[in-house]
Amino acid sequence: MSLGRLLRRASSKASDLLTLTPGGSSSGSPGVLDGEIIYSKNNVCVHPPEGLQGLGEHHPGYLCLYMEKDEMLGATLILAWVPNSRIQRQDEEALRYITPESSPVRKAPHPRGRRTRSSGTSHQPSPTELRPTLTPKDEDILVVAQSIPDGVLASPAPEDEEKLAQGLGVDGAQPASRPARSPSGILSTVSPQDVTEEGRELRPEAGEEDGSLELSAEGVSRDSSFDSDSDAFSSPFCLSPISTALAESRGSVFLESDSSPPSSSDTGLRFPDSNGLLQTPRWDEPQRVCALEQICGVFRVDLGHMRSLRLFFSDEACTSGQLVVASRESQYKVFHFHHGGLDKLSDVFQQWKYCTEMQLKDQQVAPDKTCMQFSIRRSKLLSSETHPEESMYKRLGVSAWLNHLNELGQVEEEYKLRKAIFFGGIDVSIRGEVWPFLLRYYSHESTSEEREALRLQKRKEYSEIQQKRLSMTPEEHRAFWRNVQFIVDKDVVRTDRNNQFFRGEDNPNVESMRRILLNYAVYNPAVGYSQGMSDLVAPILAEVLDESDTFWCFVGLMQNTIFVSSPRDEDMEKQLLYLRELLRLTHLRFYQHLVSLGEDGLQMLFCHRWLLLCFKREFPEAEALRIWEACWAHYQTDYFHLFICVAIVAIYGDDVIEQQLATDQMLLHFGNLAMHMNGELVLRKARSLLYQFRLLPRIPCSLHDLCKLCGTGMWDSGYMPAVECTGHHPGSESCPYGGTVEMPSPKPLREGKKGPKTPQDGFGFRR
Amino acid sequence: MAQAHRTPQPRAAPSQPRVFKLVLLGSGSVGKSSLALRYVKNDFKNILPTVGCAFFTKVVDVGTASLKLEIWDTAGQEKYHSVCHLYFRGANAALLVYDITRKDSFLKAQQWLKDLEKELHPGEVLVMLVGNKTDLSEEREVTFQEGKEFAESQKLLFMETSAKLNYQVSEVFSAVAQELLQRDDREDQAPQGDAAVALNEGPMRQAKCCAH
């Protein structure tokens, strides 16, 4: 089926149904059909931010809006954008984004079969080629469901549009070439000249991919060719079954594509020396590649959870320009419509019930070309106890995992994978396969072949380490025995005895665990062995199985946990400081209780083991490992474990406050809760706490680092709330984080509705 | 001996028993947690190495008096040294535990004593040296005499135990409890009468808790 037919089919259904939704009176209205596409447009561009350019400035893709059932509101509007490069590769995962689950196009049974490779070829786009040209020439690719009944909402007449388009503000006079960010988080306007100029300037050398492509029915198939029922995962020394499947299926499950667009990594990752380094952060090359992959990767959001949508028109007819989506976390995404279609998009927004058009008061009326802003108002924000994306992710199973890998076995979009794991966890059957990525033994960009080579090389290295241990001099050996081996021998036989994998006398797996720990002490003599390590290594061995692989995963884990660094007190101090600040911010009553106990209370002895063993002994193993995965996903923060701590306190700490428990009593209270807490509940709470945290418009400078290392994800801009100095910076006059001292304490965010007045930060990347 | 029944005394009945903090110190795998487990729950099993800090309480009757022991079980391999002073602070008693089959654990116990003395005033905390694992006496590296002599030189109480065989475990804690009570009574008698015994408990703990 051609893309055009596919779209037409989708839209014809959608148009029937759009009549029911606008003005949407009742939630859960029976007329709402999941997955109906109400708008779509090809060749909508994403431009990598300055500092990341060099791999091509235009990344065209296919954008669509579709409806999805929403528990609370009946229906919600999903915006999805998929880069052309992914469509051309017939990437199943990517295609799923634009052909939603229940969409009519997916209901047709499609025979499994070999697809013909897309015949897409690059050709030089000419300046005159403003018409969308991606696919079948006989189709108009902009598809909008148009049958809106007059009674509900008249589609805006041109005059209306003029009137609505008053958003151009005072900032228009400023020479800013990028939308500026205001303290309230609302994007301020851009001068039409700038936009126009940008648009004009870009169009000629656009270099967009115009290859026509044949989107076959199989392209939207959900089925994976890989059988998820596999016991083969437990064979330690063989090629992993998924790698094998990938190796065998090359060119069958995945299509080869030699027509990769200039944005593809195939063209060589050469970065011209950027001149923009003064304004933009310095990117290490791997970081750049990674960030670029994410920014130019699939983008999908529920518009109902956004803060605002803005349309900046760059032409007289108000058809081309930019769409800027702003999240509640003040992150932005800019879509460039070089080929029209923006007008239709504004129609859709105007008809959609929770997109409220904003009149920007306090702003001078702009002469003509303008911007439209829609702020999102939902009747009710989702419960504060739950992350709004909570139920969107299922556990990562075999087929979903395979969908994250490309034909070479590289993880296609690391950010998406991490997000999926953060919310859904990993199915037990593929933990051994995926954990090595999370533990940074395998890099995401490695191919299956490279990983096999790495395993061989690392196995050799591991046996060399072991050899070193076995060839110690008698004196060395005595010291080693006294400092390490004696305790390791005692600990391995009492670790995870309830796990079938380690049960029984003379279990060879216990012997493996012992060797890994001994070899680690040789590999890293500065750390050696400390009690608790056996707790951490045992579950990895039980999932990864292979001794050498487990060793290297353990090395990765040690590098990424505070456990290993805790010989240096300041690391633990830092964790506790962050935790205290987080409690102050999110659970003031508990924090005040700690303060009332003095220094002993603030040391929070009750949570030291939580941190040191990452909750291993607080929850039954299945739940603890779920928590590990959520932490290892490093989604939006490297400190998710602290959110888990806060969640435990929030759920189980009321007694502490009510009964005014002293330090020792708190230790007893939480100690007694170990293994009796509900891990899933705690995880959900922790995710919602992270969400709440990210909504704060300003954070104390003491928590500045909590979310800064995790990149921008699929957004163009990073997470950068205003930083407020809480004022303890020994040895430094001013706040090193540039925190301001306006307000005594940060308050939780209420939807900011202030007009954009004083743009402070440039709208762009920050790290 | 300490478990003898007693009739509650009228003045003590409505009040809580006096609380004493006892901290277990010593190298990894010498049996600190096992001693606590044996004493508090009369159990012995394979327990995981302690990470962080665990906490038990037990009410002990000594003669006619009753006291509550708060037993802080610490990690032998504490990597986060800043917490050590938290363990020490407000401690009324410390058990320095070593493994009689490991000389280095005996030396380590002596090191713990030095650390304790650095943190606390002399006489502020009652210290007992405990040589554990007498069930492994064929592998003994520290003789009873060595332990005893060191304890005497430092004016410590001393006992050998086996948590596994339940040998002298409750005796250790009872001896400490008895000594604590005696010391406490001596202190109490000075300022006020016996009514202060019960009342004194709260403020004393409080003060120790919050002391800097």
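You'll find chain B entered in an unreviewed UniProt entry as Ras-related protein Rab-17, with Rhinopithecus bieti given as the organism. The heading Sequence similarities (unreviewed entry) in the UniProt record of chain B holds the text "Belongs to the small GTPase superfamily. Rab family." Turning to chain B, the UniProt record has this under Catalytic activity (unreviewed entry): "GTP + H2O = GDP + phosphate + H(+)".

Per an unreviewed UniProt entry, chain A carries the name TBC1 domain family member 16 and comes from Rhinopithecus bieti.

Residues and elements named next belong to chain A. Interhelical geometry of helix H15 (residues 508–523) versus helix H16 (residues 533–544) gives an angle of 125° and a closest axis separation of 10 Å. For the element pair H15 / H16, the angle class is oblique. For the crossing formed where H15 meets H16, the hand is right-handed. Residues Asn-509, Ser-512, Met-513, Ile-516, Leu-517 and Tyr-520 of H15 form the contact with H16, whose participating residues are Met-533, Ser-534, Val-537, Ala-538 and Leu-541.

Further remarks concern helix H3 (residues 103–119) of chain B. Residue and element names in this part refer to chain B. The first and last C-alpha atoms of H3 sit 25 Å apart over 17 residues, in line with the 24 Å expected at 1.5 Å per residue. Along H3, the residues that are buried comprise Ser-105, Phe-106, Ala-109, Gln-110, Trp-112, Leu-113 and Leu-116. Axial view of H3: buried residues confined to an arc of 155°, hence all on one face. Seen from the buried face of H3, the exposed residues on the opposite side, beyond 90 degrees, are Lys-114 and Lys-118.

Attention now goes to the pattern of salt bridges. Residue and element names in this part refer to chain A. A complete count under the given rule lists 36 salt bridges over all chains for this structure. Of the charged contacts in the structure, one is a salt bridge between Glu-581 and Arg-584, with a shortest N-O distance of 3.0 Å. Note that Glu-581 and Arg-584 are positioned in helix H19 (residues 569–586) at a spacing of 3 residues, about one turn of the helix. Residue Glu-581 is classed as buried on the basis of its relative accessible area, which comes to 10%.

Counting residues at the interface gives 34 residues for chain A, matched by 32 residues for chain B. Taking both sides of the interface into account, the surface hidden between chain A and chain B amounts to around 3200 Å²; carbon and sulfur atoms contribute 56%. Of all residues in chain A, A:Arg494, A:Gln531 and A:Asp664 give up the largest surface area on contact with chain B, accounting jointly for 20% of the area buried on that side. On the surface where chain A and chain B come into contact, there are 2 salt bridges. The partner of B:Arg89 in a salt bridge is A:Asp600, with the nearest N and O atoms 2.4 Å apart. There are 5 residue pairs in polar contact (both at pLDDT 80 or more) connecting chain A and chain B. Per element, the largest residue contribution to the side of chain A that touches chain B is 5 residues, and it comes from helix H14 (residues 474–492) of chain A. The residue inventory of the side of chain A that touches chain B, partitioned by class, reads 14 nonpolar, 8 polar and 12 charged.

Let us look at the sheet that holds strand E2 (residues 53–62) of chain B. Overall, mixed pairing links the 6 strands, which are arranged E2-E3-E1-E4-E5-E6 (chain B) in an open sheet. One side of each edge strand has no neighbouring strand; the edge strands of this open sheet are E2 and strand E6 (157–160) of chain B. Mean inter-strand twist for the sheet, computed between neighbouring axes without regard to direction, equals 25°. Bridge analysis of strand E4 (residues 93–99) of chain B against strand E5 (residues 126–132) of chain B gives 7 bridges, and the strand direction is parallel. Note on E5(B): the bridge partner recorded for B:Leu96 is B:Leu129. Where helix H26 (residues 663–673) of chain A meets the sheet, it contacts E2 and strand E3 (65–74) of chain B, and its direction lies at approximately 110° from that of E2(B).

Let us now look at the state of the cysteines. All names here are of chain A. In the structure shown here, the tally under the stated rule is 0 disulfides over all chains. Free of any disulfide, Cys-631 has its nearest neighbouring cysteine sulfur in Cys-614, separated by 4.2 Å. Of the residues examined, Cys-631 reaches a relative accessible area of 8% and is grouped as buried.

On to the pairing of strand E7 (residues 321–327) of chain A, then. All names here are of chain A. Burial runs high along E7: 7 of the 7 residues are buried. Two elements, strand E6 (residues 306–313) and E7, share 7 bridges in a ladder whose sense is antiparallel. Looking at E7, one finds that Phe-312 is bridged to Gln-322. Judged from the 6 bridges that link them, E7 and strand E8 (residues 332–337) form a sheet pairing that is antiparallel. Directly across from Gly-321, in E8, lies its bridge partner Phe-337.

Residue and element names in this part refer to chain B. Of all residues in chain B, 79% have pLDDT values of 70 or greater, and the mean over the chain is 81. Every residue in residues 192–212 is under pLDDT 50, and counting partners more than four places away or in other chains gives 24 contacts. If you check the scores for this complex, the pTM reads 0.69 and the ipTM reads 0.81.

Here we come to the nonpolar core. In terms of nonpolar packing, the biggest core is built from 183 residues, with A:Phe335 and A:Phe606 touching the most fellow members. If you tally residues by element for this core, the top one is helix H24 (residues 640–652) of chain A, at 10 residues. Apart from residues no more than four positions distant in its own chain, A:Phe606 is found in contact with A:Phe590, A:Leu594, A:Val649, A:Met666, A:Leu667 and A:Phe670. B:Leu22, B:Val30, B:Leu126 and B:Ala163 belong to the second largest nonpolar core, which has 28 residues in total.

This brings us to the packing of aromatic side chains. Residues and elements named next belong to chain A. A full pass over the atoms with the stated rule returns 37 aromatic pairs over all chains. A ring pair is formed by Trp-481 and Phe-486, whose centres lie 5.2 Å apart and whose planes are at 65°; its orientation type is edge-to-face. Given the relative accessible area of 38%, Trp-481 is considered partly exposed. Look at Phe-606 and Phe-670: their rings are 4.8 Å apart centre to centre, the planes differ by 25°, and that puts the pair in the stacked class. Residue Phe-606 is located in the loop between helix H21 (599–602) and helix H22 (608–612), and its partner Phe-670 is located in helix H26; the two are separated by 64 residues in the primary sequence. Taking the relative accessible area as the measure of exposure, Phe-606 reaches 7% and is therefore buried. Grouping aromatic residues by their ring pairs yields a cluster made of Tyr-393, Tyr-415, Phe-422, Phe-423, Tyr-635, Phe-640, Phe-643 and Phe-693. Sitting over the ring of Tyr-442, Arg-451 keeps its end group 5.7 Å from the ring centre.

Calculation rules
Residues numbered from 1 in each chain as written. Chains lettered and ligands numbered in written order. Predicted model: local features only at pLDDT ≥ 70, side-chain atom pairs only at ≥ 80, totals over all residues. Heavy atoms only, no water. UniProt positions renumbered as here; feature names shortened; annotations may be inferred. Axes fitted to C-alpha atoms, helices over the stretch in contact; angles between N-to-C directions. Helix = DSSP H or I, 4+ residues; strand = E, 2+ residues; numbered from the N terminus. Parallel < 35°, antiparallel > 145°, perpendicular 65-115°, else oblique. Left-handed = near helix turned anticlockwise from the far one by under 90°. Contact = heavy atoms within 4.5 Å. Expected span 1.5 Å × (residues − 1). Buried < 20%, exposed > 50% of the residue type's maximum accessible area, 1.4 Å probe, protein only. Arc of directions from axis to C-beta. Salt bridge = Lys/Arg side-chain N within 4 Å of Asp/Glu carboxyl O. Buried area = accessible area lost by both parts, 1.4 Å probe. Polar contact = N/O pair within 3.5 Å; in protein donor to acceptor, adjacent residues only side chain to side chain. Nonpolar A, V, L, I, M, F, W, Y, C, P; charged D, E, K, R; others polar. Pairing = 2+ DSSP bridges. Disulfide = S-S within 2.5 Å. pLDDT = per-residue confidence, 0-100. Core = buried A, V, L, I, M, F, W, Y, C linked by side-chain atoms within 4.5 Å. Phe/Tyr/Trp six-rings, centres within 6.5 Å; stacked < 30°, edge-to-face > 60°. Lys NZ or Arg CZ within 6 Å of the ring centre and 35° of its normal.

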